[in-house]
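Coordinates in review
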Amino acid sequence: MKTSRSALLLGVAAIPAIAVLAAAPARAQDTGAQDSTEAAEDAGDSIVVTGTRITVPAGFDNPNPVVSITSQTIEQSGQVNITEFLTQSPALLGSRRAIDSAGSNLPNGQLTGVNLLNLRNLGTARTLVLVDGRRHVAGYPGTASVDTNTIPTDLIESVDVLTGGVSAIYGADGVSGVVNFIMKKDFEGLRIRAQNSISQRGDAGEKFLAATAGTNFDDGKGNITVAYEFNKTDRFSQRKRLNYGKTGPTWTFVRNPADGAPGSASDDPNVPDRVLMNNLRWADSSMGGAIDIDFDGVPDFTGEGTPYDLGTYVPGTAFTVGGDSTPRDSYYGDYTPYLRRHMFNVMGHYEVSPALNFYAEAKYVKSKAFTYAQPTYDFFTELFADNYYLNERFGADAPDGALVSRDNFDFGIRRSELDRELWRTVVGANGDLTPHLKYDASFVFGQSTQRATASGDRILDRYSAALDAVSDGNGGVTCRINLPGQTEIMGNSYGSPYYAGAPLTFQPGQCVPLNVLGNGSPSPEALAFILATHTDYARLRQYVGSASISGDTGGFFELPGGPIGFAAGLEYRKESSRQVPSYYTQNGFLADSAQATIDTGSYDVKEAYAEVRLPILLDAPLAHELSLGGAFRVSDYSTVGTTTAWNVSGTYAPITDVSFRGTYSVSVRAPNITELFAGTSGGYEFITDPCGPERIAEGTSTRAANCTAALTAAGLTPQQIINFNPADDQTSPQNSSLLGTQGGNPSLREEKAKTWTAGVVLRPQFLPGFTLSADWYNIRITQAINYSTAQDIVDLCYDQPTLENQYCSLISRSGTTGYINDFSVVPQNVASYKTAGLDLNLKYRFEASPEVGSFMLSLVGNYLNKLEFVPSPGAVAENERDSSDYPAPKFSATFDLTWIKGPFSLNYGINWFDKTRRVTREQEAANPDYVPAGYIWYKEKWEHELYASYNVDDRFTLYGGINNLFDTKPDVGAVAYPISAVGRSFFMGIKANVF
């Protein structure tokens, strides 16, 4: 690859090739966001809430800081992709959105169009996603992470977001919290909803259709509901927004030609090191070929045969300004992928008696997503002196052959497609054994089969043979390998062989010669010969059997506050994953994709848990409510053995107007299948060398000495070390991706997390309808599994006290250039994470007057006190707060005001988060003039939204809205950040309750 978005920290990478990339702006959260305490109060009776398996008696607060988001809220946002909506929540800003699963940001085909939730920026693998309190089959091979695109949006009743460890309640994975989707049940009638959206510029369209039909039978003892949902999202290309103000990819910050190299003697501290520029081109490479006939590394001609205009080189970069080279901004792929989903759901239950109620659910999802990324490319690929097309074009001007550097747009843009079929079934029975004791037993099965198809990859032996085109002796052209007596293929790049040997995927005589001199010169026959369309297959399965009892001691014992609540149960779960790379990938036949092995693995876990809730006091003097609770779970994993998790909690309300709550939990996360069992496979990554002159000062105090020692050990002379500058060389891993290896680690242990929360809830009686909750959270994860990117490994190697560390052992350097020439990525229990902050949730509902109508005001906010990552024991903590990579702003909030008057409602929303860093703390400390002072930070995100609906009658409702009301653009030099590049968009819809 030529370029890629910055690799962002996922926390735990479930993906061997990457430590994934999860950056996403947030959106406004409307009036339906409410604290679970208020939800319980609104219910007016005992309810079951997320974070406990015990029915909460009326009058008691939930000690867990749960924010519940209603279906009305989701609908008002205009979003039909639930992840795009949920990233509105300050707690879920870092979730993996569509922009992270498309184009140049796509790590691999199995992630095409996949959306994953990331709570508190601690990683998708640490965020537990449930549906009605039950596990759901994963959406990415080797992980437990659920693709929320497989959850039907229109069937969602509410979404509960809970911060804190929940392992004692739900089992492993939820060390940062849980997101629980509560689905609609007992539907009666026929409801249809349709919606269409489009941007102001006529692109980024989306269509949505949902129909739900249900009926009760046998005097209401039973109900059956059938639902169908269709959603189609248009592919949105970055080329749709070239020259979109001064945003990326057309504009970006690059080295200032008017200043010396950062850190050098000629670096003027009063002149910014980087400035905003456009019209940038990839130096010395073009769509028709940049031809170097004298082998000096500088193009002499275009592939069309005209003298090559080099443009003006931008020092310290891989760019020029102007000239014949390929424009940088044309290289980018899609912002978001095409996505089409069909979802079918059947739900039913039948009550034989109060003691026996059967229930069942079945879901089938069929989806397709595809995206276009970048073309393939060549750097200094050699055409031999007798190359037929070279002689035809240049004749005697190229007596020794030539080097060609080329961006192969005319081969076709590389395409990734993911086709998925997902099944999930739930069967079970529940009932009341006594008025104070109930049971529930269920079995869940889920399976996802996924086929990831890649198009446009070059087959290495065929490409090498086809490039070596020679005369057939009869005035025509053929491949050298087709000539009598020829048995070997030779392909050279950078002056070294990239292929040497016999054909592996074809027979001599079958080769079709390829002409790369000139844009559009390759024949269709040649492209058909050299390019592969190949498919990886994956299957994930989940089995969950559970049985539980819950109730209270009201039949024989009560505390002053009421009966003791309790729950206990047993659970068995098995997870399996199998991923089979394509034939071409398994055998290493591709020029543009690394070799990979079949990854397969499974584990099971047997668990027992218990929970208790003690209502100490109720309606007593200075104790309107006082309760304590606790939970314990023991788990026996087939992989890591026995683990335990527990929590304690409490609530205290001296008066009805105010209550205090708190929790403390110890949770665990067992390593997933990929982390444990992934086979060794190859992967390409860009690596910006920390020993380059521009980056030496950006590390710890030991980086400079460690770099000198490493380059000396590689064999470089003192003068070579002084001149060492990978940024200026297109062949370095900084400008051309490097092949390395990654795999699993069967010796991994479980992660451990300690979490505490403390909060207050205000419901002043003098202000009916007003609720304010404020909760402080503190999460610390130790023995964290760190599956770093190659960039992380290299940086961590040189930022440790010495080179004797686990990271330096995973990389090597060339003895000729000193460049990093190999890396290995394996997960280890070496990291730790810390985060803390304050969540604020305000809601106020009031009626001004019957003539004016009623108003609802909502504010959901967050103050991020810290977000720290320690990569290994003894290492310096990395302060990630204010990072744009996640993003992790210091402050974030959503505000909504809704007015309802009769059949008409109007909602105005604001989605905001604080400024985030364009330049890291380390970069700014090393070079205060890194960029002009006004660009150290990205601007704040401000997104305004408008929604209106009108109930035509009891059966029909029309609604519509505007997202990004003021057509705010991304920041200068930024690609779709801190706000989407779509711009202002509109949506309209209709809801019909047919009967």
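Predicted, not measured: the structure shown is a model, and the values here were computed from it.

Looking at the assigned domains, one finds that the chain contains domain 1 (66-239 + 336-372 + 417-454 + 536-671 + 748-787 + 827-994) and domain 2 (681-746 + 791-825). The distance between the C-alpha centroids of domain 1 and domain 2 comes to 38 Å. Every contact between the two is made by 23 residues of domain 1 and, on the other side, 18 residues of domain 2. At the boundary of domain 1 with domain 2, total buried surface from both sides reaches about 1500 Å², with 52% on carbon and sulfur atoms.

Together, Tyr950, Val952, Phe956, Leu958 and Ile990 make up an exposed nonpolar region whose accessible area comes to about 420 Å². Tracing the backbone through its elements, the reader meets valine 952 in the loop between strand S49 (941-951) and strand S50 (956-963). We classify valine 952 as partly exposed; its relative accessible area is 45%.

This next bit is on the UniProt feature "domain: TonB-dependent receptor-like beta-barrel" (unreviewed entry) in the chain. The sites that UniProt annotates as "domain: TonB-dependent receptor-like beta-barrel" (unreviewed entry) are residues 401-965. Helix makes up 10% of residues 401-965 and strand 53%, whereas the separation of the span's terminal C-alpha atoms amounts to 58 Å.

What follows covers the nonpolar core. One broad trend across soluble globular proteins is that nonpolar side chains are buried collectively. Ranked by size, the top nonpolar core spans 31 residues in total, and within it Ile291, Phe411, Cys511, Leu514 and Ile530 carry the most contacts. Only helix H5 (388-394), strand S23 (402-407), helix H6 (460-467) and helix H7 (524-530) provide two or more residues apiece to this core. Apart from the residues lying within four places of it in its own chain, the contact partners of phenylalanine 411 are Thr376, Arg406, Arg458, Tyr463, Leu514, Val516, Pro522, Leu527, Ile530 and Leu531. Residues Cys691, Leu716, Tyr798 and Phe823 belong to the second largest nonpolar core, which totals 26 residues.

Two descriptors summarise a pair of aromatic rings, namely the distance from one centre to the other and the angle between the planes of the rings. In the structure shown here, the tally under the stated rule is 34 aromatic pairs. Ring geometry for phenylalanine 217 against tyrosine 350: centres 5.8 Å apart, planes inclined by 10°, an arrangement best described as stacked. Of this pair, phenylalanine 217 sits in strand S8 (residues 206-217) while tyrosine 350 is found in strand S20 (residues 338-353), placing the two residues 133 residues apart along the sequence. Here phenylalanine 217 falls in the partly exposed class, since its relative accessible area comes to 36%. Looking at tyrosine 350, the relative accessible area reads 28%, which means it is partly exposed.

Next up on the list: the environment of aspartate 775. Within the fold, aspartate 775 resides in strand S39 (residues 770-786). Sequence separation between aspartate 775 and glutamine 110 is 665 residues; the distance between their C-alpha atoms is 38 Å. Among the polar contacts made by the side chain of aspartate 775, one reaches the side chain of arginine 661 at a distance of 2.7 Å.

A separate point is the state of the cysteines. Here the structure, examined in full by the defined rule, presents three disulfides. A sulfur-sulfur distance of 2.1 Å marks the disulfide that ties cysteine 479 to cysteine 511. When the S-S torsion is -75°, as for the bridge of cysteine 479 with cysteine 511, the disulfide is left-handed. Highlighted residues: cysteine 479 in strand S27 (residues 477-479) and cysteine 511 in the loop between strand S29 (496-501) and H7, separated in sequence by 32 residues. When sorted by exposure, cysteine 479 lands in the same class as cysteine 511, which is buried. Across the disulfide, cysteine 797 is cross-linked to cysteine 808 (sulfur-sulfur distance 1.9 Å). Judged by the sign of its S-S torsion, about 90°, the cystine formed by cysteine 797 and cysteine 808 is right-handed. Within this pair, whereas cysteine 797 is found in helix H12 (residues 790-798), its partner cysteine 808 is found in the loop between H12 and strand S40 (811-813), the two being separated by eleven residues in sequence. Relative accessible area serves as the criterion here: at 15%, cysteine 808 is assigned to the buried category. When the bonded cysteines of the chain are numbered from the N-terminus onward, they pair as 1-2, 3-4, 5-6.

Below, the discussion takes up the packing of helix H10 (residues 703-714) against H12. Viewed as axis vectors pointing N to C, H10 and H12 meet at an angle of 100°, and their least axial separation amounts to 8 Å. Taken together, the axes of H10 and H12 are roughly perpendicular relative to one another. Between H10 and H12, the residues in contact are Arg703, Asn706, Cys707 and Ala710 and Asp795, Cys797 and Tyr798, respectively. Of the residues in the contact of H10 with H12, the class split is four nonpolar, one polar and two charged.

Attention shifts here to empty space enclosed by the protein. Counting across every chain of the model gives 19 cavities of 30 Å³ or more. Estimated volume of the largest cavity: approximately 710 Å³. Lining the largest cavity are 40 residues, with Gln79, Glu84, Arg97, Ser980 and Val982 sitting closest to its centre. At the level of elements, strand S7 (189-199), strand S19 (334-336), S49 and strand S51 (985-993) are the ones that each hand at least two residues to the lining of the largest cavity. For the lining of the largest cavity, the residue count by class is 16 nonpolar, 17 polar and seven charged.

Calculation rules
Residues numbered from 1 in each chain as written. Predicted model: local features only at pLDDT ≥ 70, side-chain atom pairs only at ≥ 80, totals over all residues. Heavy atoms only, no water. Domains from an automatic or database assignment. Contact = heavy atoms within 4.5 Å. Buried area = accessible area lost by both parts, 1.4 Å probe. Patch = residues over 30% accessible without salt bridge, like charges linked within 9 Å, V, L, I, M, F, W, Y side chains within 5 Å. Areas by Shrake-Rupley, 256 points an atom, 1.4 Å probe, with all protein chains shown as cover. Salt bridge = Lys/Arg side-chain N within 4 Å of Asp/Glu carboxyl O. Helix = DSSP H or I, 4+ residues; strand = E, 2+ residues; numbered from the N terminus. Buried < 20%, exposed > 50% of the residue type's maximum accessible area, 1.4 Å probe, protein only. UniProt positions renumbered as here; feature names shortened; annotations may be inferred. Core = buried A, V, L, I, M, F, W, Y, C linked by side-chain atoms within 4.5 Å. Phe/Tyr/Trp six-rings, centres within 6.5 Å; stacked < 30°, edge-to-face > 60°. Polar contact = N/O pair within 3.5 Å; in protein donor to acceptor, adjacent residues only side chain to side chain. Disulfide = S-S within 2.5 Å. Axes fitted to C-alpha atoms, helices over the stretch in contact; angles between N-to-C directions. Parallel < 35°, antiparallel > 145°, perpendicular 65-115°, else oblique. Nonpolar A, V, L, I, M, F, W, Y, C, P; charged D, E, K, R; others polar. 1 Å grid on protein atoms, 1.4 Å probe; cavity = no way out; pocket = protein on both sides within 12 Å on 5 of 7 lines; lining within 4 Å. Points joined across faces, edges and corners; volume = space filled by probe spheres on them.

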